[in-house]
Amino acid sequence: MTGQGVVWGRQNLRELPKFRDGTTYLHLEHTRLEQDGRGVRAYHPDGMVTLPAASLSVLLLGPGCSVSHEAVKALSDTGCSLLWVGEGGVRLYASGIGETRSAARLQQQARLWANPDSRLRVVRQMYTMRFPQGLPEGLTLAQIRGHEGARVRDAYARYSQAHGVKWEQRQYKQNDWNRATPINKALSAGNACVYGLAHAAILATGYSPALGFVHTGKMLSFVYDVADLYKIEVVLPIAFREAATPGDDLERRVRTGLRDHMTGLRLLERMAADLHHLLGGDQNDPEPTAPGDLWDPEGDVQGGINHA
């Protein structure tokens, strides 16, 4: 394939860095992206910068962004998930495909999701993960959710007192953003970043963002499931800190603070490990570019066919 005078060879998928070892994310607005060799250049009114495409895990493209066909291909080839988001990164409109080429983990997720017993087991495990000290044995799902509600209320009260930020309730109205309190704006901006990172982690590790276990019925249900595992630990300290700090650009400050905080927590690595722990997915496709096997209703699996 030829583009801008550069001859592209076939990408060796086994040479790509692991998702858990990558950079967290980059949010851009009013930027033009163009391919440069195997990299991507970002042109902004303030100047030009070369993006670390090979190690970038998720790229959030906000209003005013344009991207060339070759730039999309360069990012896709290195496993960077592209998310098209609204102003401030608050809404997610569309996304690209992750770097995995195998459906084995998605099939495992579907099996766990479709069976009521295994689905309940995953739900219980997702709630239990939020309590490092563990939960009492024999609790019903309703009782576990009661413990979770108390944990969340205590966390909000604790951060409110620590930072001197008045807290009443979580409010977010999509069509009335400007009337939201600073802390609610900070929480919404922070949650959007965690949603984006969770979405990228799900796609990159080969699962479906739609097959949620706690949340259900939305194309991003599993994204909400996964993000909820980390919101209290990841978003609240940054959101309350920035809401208590005078100054403009609150949402930008939250995103910048979260980027550093998530890097320090090694959140990408944790997300990948937690997803495999929850869903038992640790299978590798022996040949990533192969078309896969053929389904046989009598139980015999036939070899894949070359569709080149």
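No experiment lies behind these values; they were computed from the predicted model shown.

Chemist: Provide a residue-level description of the confidence of the model for the protein, including the pertinent values.
Modeler: The share of residues in the protein with pLDDT of 70 or more is 77%, and the mean pLDDT across the chain is 81. Mean pLDDT across the elements of the protein ranges from a minimum in strand S1 (residues 2-3), with 32, to a maximum in helix H7 (residues 231-243), with 96. Considering only residues more than four positions removed or in separate chains, one finds that residues 1-11, a stretch of pLDDT under 50, has 23 contacts. Note on residues 13-17: pLDDT under 50 across the span, and 12 contacts to partners over four residues away in sequence or across chains.

Chemist: How would you explain helix H8 (residues 250-264) if you had to name every residue and give the values?
Modeler: Taking 1.5 Å per residue, 15 residues should reach 21 Å; H8 reaches 21 Å between its end C-alpha atoms and fits that length. Looking only at H8, the buried set comprises Leu250, Arg253, Val254, Arg255, Gly257, Leu258 and Met262. Backbone geometry just downstream of H8 places Arg266 in the positive-phi region, at approximately 55°.

Chemist: Give a description of the sheet that holds strand S5 (residues 39-44) that names residues and reports values.
Modeler: Ordered in space as S6-S5-S4-S8, the four strands form an open sheet in which the pairing is mixed. For this open sheet the edge positions go to strand S6 (47-51) and strand S8 (66-67), each flanked by a neighbour on one side alone. Pairing between strand S4 (residues 32-36) and S8: two bridges, direction parallel. Opposite Leu33, over in S8, you have Val67 as the bridge partner.

Chemist: Can you explain the environment of Leu83? Please cite residues and give values.
Modeler: Inspection of the secondary structure assignment puts Leu83 in strand S9 (residues 81-85). Spatially, the C-alpha atoms of Leu83 and Leu61 are 6.1 Å apart, while their sequence positions differ by 22 residues.

Chemist: So, the pairing of S5: which residues are in play, and what are the values?
Modeler: Sheet topology places S4 next to S5; five bridges connect them, and they run antiparallel. When the bridges of S5 are listed, Leu33 appears paired with Ala42. Once S4 ends, the chain turns through two residues before running back antiparallel as S5, passing Gly37 with a positive phi of about 65°. Judged from the five bridges that link them, S5 and S6 form a sheet pairing that is antiparallel. Each residue of the ladder has a partner; that of Tyr43, found in S6, is Met48. Adjacent in sequence and paired antiparallel, S5 and S6 are bridged by two residues.

Chemist: Quick one: what's the story with the pattern of salt bridges, residue by residue and with numbers?
Modeler: Pairing of side chains with opposite charge becomes possible as their charged atoms draw close. The tally for this structure, following the rule as stated, stands at 12 salt bridges. For Glu148, the salt bridge identified is with Arg151, shortest N-O distance 2.8 Å. With a gap of three residues between them, Glu148 and Arg151 both fall in helix H4 (residues 141-163), about one helical turn apart. For the salt bridge of Lys166 with Glu168, the shortest nitrogen-to-oxygen distance reads 3.1 Å. You can call Lys166 exposed: its relative accessible area is 64%. Residue Glu168 is classed as exposed on the basis of its relative accessible area, which comes to 61%. Residues joined in a network through salt bridges with shared partners are Arg130, Glu148 and Arg151.

Chemist: Now, about the environment of Tyr230: what can you tell me, with residues and values included?
Modeler: Along the polypeptide, Tyr230 turns up in the loop between helix H6 (221-228) and H7. Spatially, the C-alpha atom of Tyr230 lies 9.1 Å from that of Met271, the residues being 41 residues apart in sequence. Aside from chain neighbours lying at most four places away, what touches Tyr230 is Val235, Leu267, Arg270, Met271 and Asp274.

Chemist: Outline the nonpolar core, listing residues and values.
Modeler: Within the largest apolar cluster, 56 residues are counted, with the highest numbers of intra-cluster contacts made by Phe213, Phe222, Leu236, Leu258, Met271 and Leu279. Among the elements that take part in this core, helix H5 (residues 182-204) stands out by supplying 11 residues, more than any other. Apart from residues no more than four positions distant in its own chain, Met271 is found in contact with Val194, Leu197, Ala198, Ala201 and Tyr230. Grouped together as the second largest cluster of nonpolar side chains are 14 residues, Leu28, Leu59, Cys80 and Leu82 included.

Chemist: Explain unusual backbone geometry residue by residue, including any values.
Modeler: Among all residues except glycine, the phi angle is most often negative; among peptide bonds, the trans geometry is most common. Even without glycine at this site, Asp249 takes up a positive phi of about 55°. Of the residues examined, Asp249 reaches a relative accessible area of 47% and is grouped as partly exposed. In this structure, Arg266 takes a positive phi of about 55° despite not being glycine. As for its position among the elements, Arg266 is in the loop between H8 and helix H9 (267-279).

Cut-off values and rules
- Residues numbered from 1 in each chain as written.
- Predicted model: local features only at pLDDT ≥ 70, side-chain atom pairs only at ≥ 80, totals over all residues.
- Heavy atoms only, no water.
- pLDDT = per-residue confidence, 0-100.
- Helix = DSSP H or I, 4+ residues; strand = E, 2+ residues; numbered from the N terminus.
- Contact = heavy atoms within 4.5 Å.
- Expected span 1.5 Å × (residues − 1).
- Buried < 20%, exposed > 50% of the residue type's maximum accessible area, 1.4 Å probe, protein only.
- Pairing = 2+ DSSP bridges.
- Salt bridge = Lys/Arg side-chain N within 4 Å of Asp/Glu carboxyl O.
- Core = buried A, V, L, I, M, F, W, Y, C linked by side-chain atoms within 4.5 Å.

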